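Below, each chain spelled out in residue letters.
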Amino acid sequence: MDLPSAWAKAKAIDPQLAGLAVALMLVQIGLGGVRWGLVLRSLEAVFGWARTIGVFYIGVFFSIVLPGAVGGDAVRMWFARKGGLSLATAINSVMLERAVTVFSLVLLVCLTQPILISRVPDLPGGTVFPVMLAVCVIGILVLASLDKLPESLHRWRLVRGLVHLASDTRKLFFHPGWSLTCVLVGLAGNANISLVVYMLAEGLGMDVHALDCLVLVPPVLLVMTLPISIAGWGLRETAMVTAFGFVGIASDEALVLSILFGILTMLTALPGGLVFLLSGGRKIEAEELADEAAATDEDPGVRSPAPPLP
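Please read these numbers as outputs of a predicted model, since none were measured by experiment.

1. A short note on the overall build of the chain
Thought 1: Check the secondary structure of the chain and you find 13 helices and 0 strands.
Thought 2: Seen in sequence order, the chain has helices and strands lined up from the N terminus as α-α-α-α-α-α-α-α-α-α-α-α-α.
Thought 3: Split into buried and exposed, the 310 residues of the chain put 46% on the buried side.
Thought 4: Entry remark: accessible area of the chain is about 15,100 Å², with carbon and sulfur atoms responsible for 70%.

2. As for the nonpolar core
Thought 1: With 65 residues, the main nonpolar core has L200, F244, L257 and F261 as its most contacted residues.
Thought 2: In terms of residues, this core owes the most to one element, helix 8 (residues 176–203), which gives 11 residues.
Thought 3: With residues up to four places along the chain from it excluded, the contact list for F244 reads V197, V208, C213, L216, V217, I249, A254 and L257.
Thought 4: In terms of nonpolar packing, the next biggest core, distinct from the first, is built from 23 residues, F47, F62, F79 and F276 among them.

3. Quick look at the environment of V39
Thought 1: Positionally, V39 belongs in helix 2 (residues 15–42).
Thought 2: V39 gets classed as buried once you look at its relative accessible area, which sits at 0%.
Thought 3: Separated by 134 residues in the primary sequence, V39 and F173 have C-alpha atoms spaced 9.7 Å apart.

4. Notes on the packing of aromatic side chains
The description of an aromatic ring pair uses the distance of the two centres, along with the angle that the planes make with each other.
Thought 1: By the definition in use, this model includes 5 aromatic pairs.
Thought 2: When the centroid spacing of 5.1 Å and the interplanar angle of 75° are considered together, the rings of F61 and F62 count as edge-to-face. For the pair formed by F61 and F62, the shared burial category is buried.
Thought 3: Between F79 and F276, the ring centres sit 5.6 Å apart and the planes meet at 75°, which makes this aromatic pair edge-to-face. Within this pair, whereas F79 is found in helix 4 (residues 70–82), its partner F276 is found in helix 12 (residues 271–278), the two being separated by 197 residues in sequence.
Thought 4: Judged by relative accessible area, which is 6%, F79 ranks as buried.
Thought 5: Above the ring of W49, the side-chain terminus of R41 is found at 4.0 Å from the ring centroid.

5. Examining helix 6 (residues 128–144)
Thought 1: With 17 residues, helix 6 should reach 24 Å at 1.5 Å per residue; the first-to-last C-alpha distance of 25 Å fits that figure.
Thought 2: Within helix 6, burial applies to F129, L133, C136, I140 and A144. For helix 6, the buried positions fall inside an angular range of 70° around the axis, keeping them on one side. The outward face of helix 6, more than 90 degrees from its buried face, is lined by the exposed residues V135 and I138.
Thought 3: Of the surrounding elements, those touching the buried residues of helix 6 are helix 5 (87–119), helix 7 (157–173) and helix 9 (210–224).

6. Some remarks on helix 9
Thought 1: Between the first and last C-alpha of helix 9 there are 21 Å, a value that for 15 residues agrees with the 21 Å anticipated at 1.5 Å per step.
Thought 2: Largest kink in helix 9: about 25°, centred on L216, with the proline P218 one to four residues after it.
Thought 3: Counting buried residues along helix 9, 11 of its 15 residues qualify, which places the element largely inside the surrounding structure.
Thought 4: Residues of helix 9 that are buried include every one of D212, C213, V215, L216, V217, P218, P219, V220, L221, L222 and M224, and no others.

7. A short note on a nonpolar patch on the surface
Thought 1: On the surface, I259, I263, L267 and L270 cluster together into a nonpolar patch covering about 330 Å² of accessible area.
Thought 2: With respect to the helices and strands, I263 occurs in helix 11 (residues 251–269).
Thought 3: Under the relative-accessibility criterion, I263 is labelled partly exposed at 38%.

8. Quick word on the environment of F276
Thought 1: F276 gets classed as buried once you look at its relative accessible area, which sits at 5%.
Thought 2: On a C-alpha basis, the gap between F276 and I58 in space is 5.7 Å, while along the polypeptide they are 218 residues apart.

9. Thoughts on the pattern of salt bridges
Thought 1: Scanning the entire structure with this criterion turns up 7 salt bridges.
Thought 2: Close ionic contact of E97 with R76 constitutes a salt bridge, the shortest N to O distance being 3.1 Å. With E97 in helix 5 and R76 in helix 4, this pair connects stretches of sequence that are 21 residues apart.
Thought 3: For the salt bridge of D168 with K171, the shortest nitrogen-to-oxygen distance reads 4.0 Å. Taken together, the positions of D168 and K171, both in helix 7 and 3 residues apart, correspond to about one turn of that helix.
Thought 4: A network of salt bridges, in which partner residues are shared, links R35, D73, R76, E97 and R98.

Calculation rules
- Residues numbered from 1 in each chain as written.
- Predicted model: local features only at pLDDT ≥ 70, side-chain atom pairs only at ≥ 80, totals over all residues.
- Heavy atoms only, no water.
- Helix = DSSP H or I, 4+ residues; strand = E, 2+ residues; numbered from the N terminus.
- Buried < 20%, exposed > 50% of the residue type's maximum accessible area, 1.4 Å probe, protein only.
- Areas by Shrake-Rupley, 256 points an atom, 1.4 Å probe, with all protein chains shown as cover.
- Core = buried A, V, L, I, M, F, W, Y, C linked by side-chain atoms within 4.5 Å.
- Contact = heavy atoms within 4.5 Å.
- Phe/Tyr/Trp six-rings, centres within 6.5 Å; stacked < 30°, edge-to-face > 60°.
- Lys NZ or Arg CZ within 6 Å of the ring centre and 35° of its normal.
- Expected span 1.5 Å × (residues − 1).
- Arc of directions from axis to C-beta.
- Bend = angle between axes of the 7 residues up to and from the residue.
- Patch = residues over 30% accessible without salt bridge, like charges linked within 9 Å, V, L, I, M, F, W, Y side chains within 5 Å.
- Salt bridge = Lys/Arg side-chain N within 4 Å of Asp/Glu carboxyl O.

Right under this line is the structure:
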């Protein structure tokens with residue numbers, strides 16, 4: 001790749017379109033908080049909207065320094081538990097919100113696949129995403145059936161947790177009002193990210209149509225959910241260069257687009273660290289460490305566990 005040319009293109013981006021992309025990314029965080037809030041309400045969890053969006057933003061912040069989205073989700077569970085939710089609800093709500101997000105992403109890819117095939121007739125792997133959608137549906141049905149496990153296994157704590165997860169899964173996905181609303185918000189969020197990429201591409205002067213971004217960006221996002229990189233770096237660049245290469249975009253242009261999108265994601269996630277501090281994150285962490293130290297003093301033979309936060 002011609003890296004000097006790529007850097008020159010990055011510096012020449014239209015500042016107005018870049019600013020609009022920043023605004024859309026902030027809207028994305030709000031949509032994510034709303035999606036999680038809807039899941040919480042389907043589970044009848046008492047958690048205010050301001051607190052929901054705040055904790056979600058904290059999770060977004062930690063997702064840029066921990067592998068994939070898994071690290072940020074774990075921090076979100078931890079803060080939700082400290083915010084008054086039961087352990088089961090804190091864990092299940094985040095897991096189900098992630099399930100809704102992935103399902104919406106795969107659904108969007110399948111819905112836009114006819115457009116993609118019309119643009120790229122020789123696209124390989126045309127059956128991959130419909131199969132993934134079927135797997136998602138089967139996975140949801142399996143989750144909803146976990147309470148059918150033999151009664152003899154219910155004495156195990158893990159099994160009791162799976163039974164609770166099955167009940168929460170049915171509350172969300174088997175209630176049309178909650179499931180459809182969550183999926184629609186998920187679709188809107190994924191489409192919004194595609195629009196962010198389109199704004200950046202327009203700012204760079206790339207010959208890309210809005211529909212190209214709508215059909216090419218969701219598969220890239222799906223690849224980024226794999227917890228094998230920090231904040232998706234590397235995975236995103238490889239996927240973006242490959243995806244946009246199908247519509248004739250040069251690899252150096254696609255690389256610039258991906259890097260700018262990654263930087264934009266980091267910039268809009270950083271204020272989540274301020275939310276963490278303002279919400280008493282340091283105080284909570286200090287209290288946890290103090291409790292662990294006290295427990296260790298009482299029983300010197302017990303090894304203190306790792307701190308709950310980075």
